[in-house]
Amino acid sequence: MKKITLLVCFVLSSMISVFAQDAGTVSARHGGNIIGTDNQVKFEFVSKGSDLMFYPVAADGSMLRTVPSSADITVTPQLISENEFYKGVKYENGCFTVHRTSEVPVFIVAVKTNYLDREVFVKHKIPGVIGK
């Protein structure tokens, strides 16, 4: 009886994880993660060394027809209470790029911009990173 109960629990947990992975999948064009909850604009977040790139995309991951011209980006490093602020980051080469000087890993990133005359705010915690 114990083996049957464990088998049923295993099968049910497998089904739950399959359904969770299937819903809402959005493809990222630059190898990053799509972040944000807005139903008009999200960001594809890509981290390459000390550079953080934010590609504005539609909710389905496709390119936007019009893009914001600048953004304010806040970076919270791991285990440090001081944030890094980047004001008025210009949209260039298809994204907003932040060139960090700190080697401390990133814990949370936040992007604030205006899109079609309304404010968009996206905040994202980096998975697996411990913060303060």
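Residues numbered from 1 in each chain as written. Predicted model: local features only at pLDDT ≥ 70, side-chain atom pairs only at ≥ 80, totals over all residues. Heavy atoms only, no water.

1. A look at the overall build of the chain
Note the following rule: Strands are runs of DSSP state E lasting at least 2 residues, helices are runs of H or I lasting at least 4, and numbering of each runs from the N terminus. Each residue is assigned to one of three classes by its accessible area relative to the maximum for its type, calculated with a 1.4 Å probe on protein chains only: buried under 20%, partly exposed between the two thresholds, exposed over 50%. In what follows, residue pairs with any heavy atoms lying within 4.5 Å of each other are defined as contacts. Calculation of accessible area relied on Shrake-Rupley with a 1.4 Å probe; when residues are assessed, cover is drawn exclusively from the protein chains displayed.
When helices and strands are counted, the chain shows 1 helix and 8 strands. Looking at the chain as a whole, 33% of its 132 residues qualify as buried. Intrachain contacts of the chain at a sequence separation of at least 6 include 46% that bridge at least 24 residues. With an accessible surface of roughly 8900 Å², the chain has 56% of that area assigned to carbon and sulfur atoms.

2. Thoughts on the sheet that holds strand β4 (residues 70-77)
Heads up, the rule is: A pair of strands is labelled paired if DSSP reports no fewer than 2 bridges between them. To get an axis, fit a line to the C-alpha atoms, keeping to the stretch in contact for a helix; angles then go from 0 to 180 degrees between the N-to-C directions.
Pairing within the open sheet is antiparallel, and its 8 strands lie in the order β1-β2-β3-β6-β5-β4-β7-β8. Each end of this open sheet is capped by a strand with a single partner; those strands are β1 (33-35) and β8 (118-125). Averaged over all pairs of adjacent strands, the angle between strand axes in this sheet comes to 25°, irrespective of strand direction. Bridge count between strand β2 (residues 42-48) and strand β3 (residues 51-57): 7 bridges; the pairing is antiparallel. Across the sheet, the residue bridging to Phe 43 is Pro 56, located in β3.

3. Here we look at the nonpolar core
Put simply, the rule is: Take the buried Ala, Val, Leu, Ile, Met, Phe, Trp, Tyr and Cys residues and link them wherever side-chain atoms come within 4.5 Å; each set so joined is a nonpolar core.
Ranked by size, the top nonpolar core spans 24 residues in total, and within it Phe 43, Phe 45, Leu 52, Phe 54, Ile 73, Phe 96 and Val 109 carry the most contacts. Of all the secondary structure elements, the ones that give two or more residues to this core are β2, β3, β4, β6 (95-99), β7 (106-115) and β8. Looking at this core element by element, the count peaks at 6 residues for β7. Not counting the four nearest positions on each side in its chain, Phe 43 is found in contact with Asn 33, Ile 34, Ile 35, Phe 54, Tyr 55, Pro 56, Val 57, Phe 96, Val 111, Thr 113, Val 120 and Val 122.

4. Remarks on the pattern of salt bridges
Applicable threshold: By definition, a salt bridge exists where a carboxyl oxygen of Asp or Glu is found within 4 Å of a side-chain nitrogen of Lys or Arg.
This structure, assessed with the given rule, holds 2 salt bridges. In this structure, Asp 38 and Arg 118 form a salt bridge, with 2.9 Å as the shortest nitrogen-oxygen distance. Within this pair, whereas Asp 38 is found in the loop between β1 and β2, its partner Arg 118 is found in strand β8, the two being separated by 80 residues in sequence. Relative accessible area serves as the criterion here: at 16%, Asp 38 is assigned to the buried category. Overall, Arg 118 belongs to the partly exposed group, its relative accessible area being 28%.

5. Here's the deal with the environment of Thr 76
Locating Thr 76 in the fold gives a position in strand β4. Residues Thr 76 and Lys 125, spaced 49 residues apart in sequence, show a C-alpha to C-alpha distance of 9.3 Å. With sequence-adjacent residues up to four places away left out, Thr 76 is seen in contact with Asn 83, Val 106, Phe 107 and Ile 108.

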